[in-house]
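Fold and contact review
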Amino acid sequence: MNNQFTTRDYELISAYLDNQLSAKDREQFEIRLKAEPALRKELQEIGKTRTLLRNLPKLKAPHNYFIKVEPVRAKSSLRLAPIFGVISAIASIILILVIFGSTLFSDAGPVAMAPAPQSQPTTQVLQSETERSMPKVVTPTLEAPSVMLAAPGSDTTPPSASENLASQTPPGETAAPTPTTIHIYAYLPTATPENGLTGGKERIVTTQQACEAYLRGEGYPSAADLANCLTPTGEVSQSLQGILSSSTPTPTITASPTITVTLTPTETPTPTATPSPTETPSPSPIPTTSPTPVPSHTPEASLKLAPDFGSESATQAPSPGAAQGASNASSSVQDQSAASRNTSDVSFLSYLLLSIEISLAVIAVIAGVVAIILRIWAR
Amino acid sequence: MVYANNMRYNRIVDEIALIQAARDGDIDSFNRLVLAYQDMVYSHAFRMIGEQESADDATQNTFISAYNHLKSFRGGSFKAWLLRIVTNACYDELRRRKRRPTIPLEPLDDAGEEVESAHWMEDPVDLPEEQVERMELQKAIQRCLNNLPDEFRLAVVMVDVQGMDYMEAAQIMGKPIGTIKSRLARARLRLRNCLNTFAELLPAGFRLE
């Protein structure tokens, strides 16, 4: 059918049908039409097709396509909703990290928490500062931190402590009210139960000597010694504290006096003897302490002192972060006086931490609620 | 005549006012424009795509796009502006449908019947059989349209179904007039051939010879 005609021919036909040919082209085309019946036939058929197309019924829209306003509003609020969701999620994550982190670092009880490497610098500091007359103090052992005890008689530490300990004084846990842990480093490099005992005895002796020397105005005992330089009444400790008000405050220091107080009044042998069997943690006499060794004395003595430092220790107690790790403890051993400042710093830290946690929790909750409300409202 | 011209003039003026109000954010004015043009837009979409559901989607997208881009309408024929948008929407739908495994051919039934009834009322001589034949013819035409390449189909729908002249069609499609003429001629030729094959199946009255 189409073989004899070219594309050009069909374009002419089409344009002719639409009256789109120029006058000249139209004339020429009409002449051709008269001469060629096949062309006429093509024109006719294509003309009919065109007519059919033009007569196609106009379709009606199946429904109205009006624009509604709501989608625009929902868009903007939906855009905001995810932001609040993200804020809430981030605040929650940070909150969890802060809580977990503070728990991790504050809890000195579980021995493992104390980072061993930190002990070395502190003990070294101790060494440098104290011109020690202590014979065996010198090398701090890595295990020293493990000595730290959360509470008297706590079982976690004892096994490791018993092996390594030189002298410790579990902080005045005595009474439940002050869970603070005080850490005093053991200086004995190799501590065995036997060594501990002997070392402890020796230490006590040297400590006493150092105290006496100090009290006579002859020497300057180490902080640990000072802590032990207490009269039965505990007055000396207080006065000493007054003298030594310089600084390095640490909760541990306050606790130690308590402990020592309880211990010193009692005969030295007792503390050494009783504690070691009862409390694994400290083979050394001094540390054993408070709880077991001399129940009668310990509680009273500790209680005596405790009220004095009650504020400090009390503040320490609630804040897990107070017992800051072995490193802090060892450094604090040096300075008693600064204990008060220490505790206030620590309490400030603990309050700061608490306020951070609370604000994070509030942010997380509010942002989450706002995100939910926006999504519901956007619907 | 003057009255008719006045009517047309008023309509145009009204339309300009509606468009201006819609551009200023009046949604009601825009919806009145939608009411005036939705049949035209839907027809164009259906003839281009050949299937009711896709034509419905294309029409909806057209008016949403028109509303969002009202600021870009700089005057002239609002119909031509709309046709450009619906053409793009149809191309999107056609591309989408090509990715699907099957492309069902939709009968004209609903739309066809509605229009047919109007024609029947105009011409009382028409018998139901003629109505059926008319519907069959429309189905055949749509099938032949569907068989065309997209560009050819667009040209013939623009000029023959929508009644645009060559210049307007060239502007909307963004092609030179020569291209439009060529595509139109070839589309009509192919349609003629296609309908002839159908004609052998159709009653004698509808044959093109």
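Before reading on, note that the structure itself is shown above.
Residues numbered from 1 in each chain as written. Chains lettered and ligands numbered in written order. Predicted model: local features only at pLDDT ≥ 70, side-chain atom pairs only at ≥ 80, totals over all residues. Heavy atoms only, no water.

Observations concerning a nonpolar patch on the surface
A grouping of Y351, L354, I358, V362 and I366 of chain A is seen on the molecular surface, where their side chains present a nonpolar patch of about 510 Å² in accessible area. The residue I358 of chain A is located in helix α17 (residues 339–378) in this model. (Patch = residues over 30% accessible without salt bridge, like charges linked within 9 Å, V, L, I, M, F, W, Y side chains within 5 Å. Areas by Shrake-Rupley, 256 points an atom, 1.4 Å probe, with all protein chains shown as cover. Salt bridge = Lys/Arg side-chain N within 4 Å of Asp/Glu carboxyl O. Helix = DSSP H or I, 4+ residues; strand = E, 2+ residues; numbered from the N terminus.)

Describing the packing of aromatic side chains
All names here are of chain B. Within the structure shown, the criterion is met by 9 aromatic pairs over all chains. Their ring planes at 65° and their centres at 5.2 Å tell us that F30 and Y67 sit as a pair that is edge-to-face. One end of the pair, F30, is in helix α2 (residues 27–49); the other, Y67, is in helix α3 (residues 52–68), with 37 residues separating them in the sequence. Relative accessible area serves as the criterion here: at 2%, F30 is assigned to the buried category. Among the residues examined, Y67 registers a relative accessible area of 21% and is labelled partly exposed. Aromatic rings pair up to connect Y37, F73, F78 and W81 into one cluster. (Phe/Tyr/Trp six-rings, centres within 6.5 Å; stacked < 30°, edge-to-face > 60°. Buried < 20%, exposed > 50% of the residue type's maximum accessible area, 1.4 Å probe, protein only.)

Overview of the pattern of salt bridges
For the structure shown, the criterion picks out 15 salt bridges over all chains. A salt bridge links R192 of chain B to E42 of chain A, with the nearest nitrogen and oxygen atoms 2.9 Å apart. Taken together, the residues span two chains, with R192 of chain B in helix α9 (residues 177–199) and E42 of chain A in helix α3 (residues 37–54). Comparing R192 of chain B with E42 of chain A, the two get one shared label, buried. The shortest N-O distance in the salt bridge between D150 of chain B and K98 of chain B comes to 2.9 Å. Residue D150 of chain B is found in helix α7 (residues 150–161), and its partner K98 of chain B is found in helix α4 (residues 78–99); the two are separated by 52 residues along the sequence.

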